[in-house]
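Coordinates in review
Next come the chains, spelled out residue by residue.
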Amino acid sequence: MANHLKDAVSPYLRQHADNPVEWYPWADEALARAKKENKPILLSVGYSACHWCHVMAHESFEDEATAAVMNRHFINIKVDREERPDIDSIYMAAVQAMTGHGGWPMTVFLTPDGKPFYGGTYYPPEDRHGLPAFTRILEAVAEAYRERPDEVAATATRLVTAVADKPVGDAGESSLTVELLDRAFQALTRDFDENHAGFGGAPKFPQPLVLDFLLRYHYRTSSARALEMVEKTLEAMYRGGMYDHLGGGFHRYSVDDAWQVPHFEKMLYDNALLARVYLHAFQITGKAQYRLVTEDILDYVLEEMTDPATSGFYSAQDADSEGEEGRYYIWTPDEIESVLGRESAEIFGRRYGVTQAGNFEGRNILHLTGEFSVEASAGVSADRARLLAERRKRVPPGTDTKILVSWNAMTQLALASAGVALDRPDYLAAAEANAAFLLDNLLDSGRLRHTVSVAEGFLEDYALLTESLLALHKATLTPRWLRQAMALGAAMVELFWDEDEGVFYDTPADAGQLFQRPRNFQDGAVPSGASVASLALLRLSRLADERSYWQTAGRALKGVSSFMGRYPLGFGLWLGALDFYLGPQQEVAVIGPAADDASRRLVAVVGRAFRPNTVLAGLDAGDSEGIASLPLFQGRGQTAGQPTAWVCRSFTCYPPVTAPVDLEQVLEL
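Residues numbered from 1 in each chain as written. Predicted model: local features only at pLDDT ≥ 70, side-chain atom pairs only at ≥ 80, totals over all residues. Heavy atoms only, no water.

1. Quick word on the overall build of the chain
If you tally the helices and strands in the chain, you get 25 helices and 20 strands. Computed over its C-alpha atoms, the radius of gyration of the chain comes to 26 Å, within 12% of the 26 Å expected for a compact globule of 669 residues. When the 669 residues of the chain are sorted by exposure, 60% land in the buried category. The long-range fraction of contacts in the chain, counting pairs at least 24 apart against all pairs at least 6 apart in sequence, stands at 70%. With 62 positive and 91 negative side-chain charges, the chain shows a separation of 2 Å between the mean positions of the two kinds. (Helix = DSSP H or I, 4+ residues; strand = E, 2+ residues; numbered from the N terminus. Rg over C-alpha atoms; globule rule 2.2 N^0.38 Å. Buried < 20%, exposed > 50% of the residue type's maximum accessible area, 1.4 Å probe, protein only. Contact = heavy atoms within 4.5 Å. Lys, Arg positive; Asp, Glu negative; His and termini not counted. Charge placed at Lys NZ, Arg CZ, Asp CG, Glu CD.)

Right, here's the structure in full:
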């Protein structure tokens, strides 16, 4: 019998629509019922690609007896963390305060007014591995709420106070200097895994924001060590089983410290961020293998993670298929031989580490053992294609078809950057189609939605879409993308910036209020909305000569300056924004029609190389509404009627150029 989730848009919520649990989505109806009946709320938060979410669902939420206990004592609310990052953020902070750790599935017990008083993550159906049975937890919490209401209320009050937002730093205490970048670099050097690359031990995450900061640091200082750490990590990640050597794209993380055994879910944001890191490594080093990986990732996204009807990008692919984690991706030697034949299977097996014993539950996760090169990969490309075709006959993992503005913008940014840098018009076309879809369908009267089912957009949506539209304009010169980026930047400051506190909040000031207004300032698997907003405002400030944006971003940076140097693993994009803030920055104005080949050749010069602090805007006299008045374009026209580039650096401008070779020379001065 369907519960209240049957009409949900989220695939994760629909997965629970037939549970015997009387699930509600997060909505006024559920909250009002909790107050009317004076029942505590059981809040369960997860996402569609989460393996342990599926385990707990099968063990407990599909169990009639467990569901009966839940329905008797609680109002049960199910939340997709990707659909509602605001809800996930504040209750995760509460769980971490209670238990010292967090994760998904997240299980939190709330008072009828939404205040947390007890919680954890996964609970087994019976006492196991030091964890109490879920039904014991349910009965104990229900009894405490019924018999000791004053104690529960006091606990909730203390917990809310403990996780209440406080200023992240004193803007007057710290100065923004190059020393902060140096300290962060030294800290990362100490944390680097010399044996297997990357940072920390198992489980090991890819850390693309940190790797990108190290590339910036190398560009700024010519540090060979910074580049070495990045290159070792990029090669180790690609070699390991965390990369899908047949279908392309990265799995979420490695459960071991050597990148061999992945957690098999694939997330859109990981692949968007990693594609940019490999692209930047290619731009810096010119090594063809980094281009190969970039294109493999983006081709995977376009083939398997793109909605052909809308040009939107899907959110994730599950870790499980046919009830087993990783089943879709693993092989026995006999399975490979049946497809390739004995001789080719032996060659393939040597390159990808295939053995009779296997490396995962008696089967093989493919991993690269031979040379990390384009030539070596080409030698087995036909065999990979044949195995991929065979794999596609298997039952595939489920795909979460949710289209999130923030994650789509990250992917759009990767495609736009790669499109111009690699001369891939198909990538640019995909980025532009995606931008048009988002703006035409998820933007109304200047306000973004987070996704079709969530009416309010979050800071991450505005910030990341602003960044991606600036990159798209930089790659194509299309005026619409610049106009819209400027409008979103202005809305972002109005809706999310608190001038009195000097911080960005994650939700608009006029949004429906939770027990506190969320504010996350740390970068994690995805960048924080605040760090992206700061970087976007710095770029807009240079393009539009908007001094207030520079000051706002500076205040935000100062607020986290005491953390950046000490904890760089949690502030990767903040460090990138600081690098931009410290300069030098470079502004390029291209005067000429966007469709003119000569204009595009000038754009290609700027986009081919890794120049992270260079911004570009183009003025097409045929479509200049809203941008022709920008100071960047004032007094600047074409030379001899040809598309012309004007370059300024650190408030010094150079003579205009029309030839790509001359532009290259000016950019390198």
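The discussion continues.
2. Points about the packing of aromatic side chains
Applying the stated criterion across every chain yields a total of 33 aromatic pairs. Seen from their ring centres, Phe117 and Tyr145 are 6.3 Å apart, and the 25 degrees between their planes marks the pair as stacked. Of the two residues, Phe117 is situated in strand 5 (residues 116–120) and Tyr145 in helix 6 (residues 134–147); the sequence distance between them amounts to 28 residues. Each member of the pair, Phe117 as well as Tyr145, carries the same accessibility label: buried. The rings of Tyr238, Tyr243, Phe250, Tyr278, Tyr290 and Phe372 are connected pair by pair, giving a single aromatic cluster. (Phe/Tyr/Trp six-rings, centres within 6.5 Å; stacked < 30°, edge-to-face > 60°.)

3. What to know about the state of the cysteines
Counting across every chain of the model gives 2 disulfides. Covalent S-S linkage joins Cys50 and Cys53, the inter-sulfur distance amounting to 2.3 Å. Where Cys50 bonds to Cys53 through sulfur, the torsion about that S-S bond is close to 80 degrees, and the disulfide is right-handed. The burial state of Cys50 is the same as that of Cys53; both residues are buried. A disulfide bridge connects Cys648 with Cys653, and the sulfur atoms are separated by 2.0 Å. Across the S-S bond linking Cys648 and Cys653, the dihedral sits near 100 degrees, which makes this disulfide right-handed. Residue Cys653 is classed as partly exposed on the basis of its relative accessible area, which comes to 45%. Sequence-ordered numbering of the disulfide-bonded cysteines in the chain gives the connectivity 1-2, 3-4. (Disulfide = S-S within 2.5 Å.)

4. Quick look at the pairing of strand 3 (residues 75–80)
Two faces make up the sheet, and in a regular strand the side chains alternate between them. Of all 6 residues in strand 3, 6 are buried, a share of seventy percent or more. Side-chain alternation along strand 3 places Ile75, Ile77 and Val79 on one buried face and Asn76, Lys78 and Asp80 on a second face that is also buried. Here 2 bridges tie strand 1 (residues 23–24) to strand 3, and the two strands are oriented parallel to one another. Bridge pairing in strand 3 links Trp23 to Asn76. Note: strand 2 (residues 41–46) against strand 3, 6 bridges, orientation parallel. Residue pairing for strand 3: Gly46 is matched across the bridge by Asp80. (Pairing = 2+ DSSP bridges.)

5. Examining the pairing of strand 4 (residues 106–110)
Within strand 4, 5 of the 5 residues are buried, which leaves the element mostly enclosed by the surrounding structure. Side chains of strand 4 alternate between two faces, with Met106, Val108 and Leu110 and Thr107 and Phe109 buried alike. With 5 bridges joining them, strand 2 and strand 4 adopt antiparallel strand pairing. Counterpart to Leu43 in the pairing with strand 4 is Val108. Bridging between strand 4 and strand 5 involves 4 bridges; their strand directions are antiparallel. If you follow Thr107 over to strand 5, its bridge partner there is Gly120. Where strand 4 hands over to strand 5, the hairpin turn is made up of 5 residues, of which Gly114 adopts a positive phi near 90 degrees.

6. Considerations on the sheet that holds strand 19 (residues 644–649)
Spatially, the 4 strands line up as an open sheet ordered 18-17-19-20, and their pairing is mixed. Strands with a single pairing partner mark the edges of an open sheet, and in this sheet they are strand 18 (614–619) and strand 20 (652–653). Bridge count for strand 17 (residues 586–591) against strand 19 is 6 bridges, and the pairing is antiparallel. Its bridge partner lying in strand 19, Glu587 is registered against Cys648. The strands touched by helix 25 (residues 660–667) are strand 17 and strand 19; relative to strand 19, the strand with the most contacts, the crossing angle is about 5 degrees. (Axes fitted to C-alpha atoms, helices over the stretch in contact; angles between N-to-C directions.)

7. Concerning the sheet that holds strand 3
Read from one edge to the other, the open sheet built from 5 strands follows the order 1-3-2-4-5, with strand pairing classed as mixed. Each edge of the open sheet is held by one strand with a lone partner, namely strand 1 and strand 5. Helix 2 (residues 28–37) contacts strand 1, strand 2 and strand 3 of the sheet and is inclined by roughly 155 degrees relative to strand 3.

8. Quick word on the pattern of salt bridges
One pass over the full model with this rule turns up 49 salt bridges. A salt bridge links Glu37 to Lys39; the shortest N-O distance between them is 3.8 Å. Shared partners join several salt bridges into a network, and the residues in it are Arg291, Glu295, Asp299, Arg424 and Asp426. (Salt bridge = Lys/Arg side-chain N within 4 Å of Asp/Glu carboxyl O.)

9. A look at helix 10 (residues 224–239)
Across its 16 residues, helix 10 extends 22 Å between first and last C-alpha, which sits within 8% of the 22 Å expected from 1.5 Å per residue. Within helix 10, the full set of buried residues consists of Ala226, Leu227, Met229, Val230, Glu231, Thr233, Leu234, Ala236, Met237 and Tyr238. Its buried side turned inward, helix 10 meets helix 8 (178–191), helix 9 (208–221), helix 11 (268–285), helix 12 (288–304) and helix 15 (374–379). (Expected span 1.5 Å × (residues − 1).)

10. With respect to the environment of Ala316
Here Ala316 lies in strand 9 (residues 316–317). Taking relative accessible area as the criterion, Ala316 reaches 1% and is therefore assigned buried. Once residues lying within four places of it in the same chain are set aside, the contact partners of Ala316 are Ala49, Lys266, Met267, Met305, Gly398, Thr399 and Asp400.

11. Thoughts on the packing of helix 11 against helix 12
Interaxial distance between helix 11 and helix 12 falls to 8 Å at its minimum, and their mutual angle equals 155 degrees. Considered as vectors, helix 11 and helix 12 are oriented roughly antiparallel to each other. Handedness of the helix 11/helix 12 crossing: left-handed. Packed against helix 11, whose contacting residues are Leu268, Asn271, Leu274, Ala275, Tyr278, Leu279, Ala281, Phe282 and Thr285, the element helix 12 presents Ala288, Tyr290, Arg291, Val293, Thr294, Ile297, Leu298, Tyr300 and Val301 at the interface. Of the residues assigned to the contact of helix 11 with helix 12, the class counts are 14 nonpolar, 3 polar and 1 charged. (Parallel < 35°, antiparallel > 145°, perpendicular 65-115°, else oblique. Left-handed = near helix turned anticlockwise from the far one by under 90°. Nonpolar A, V, L, I, M, F, W, Y, C, P; charged D, E, K, R; others polar.)

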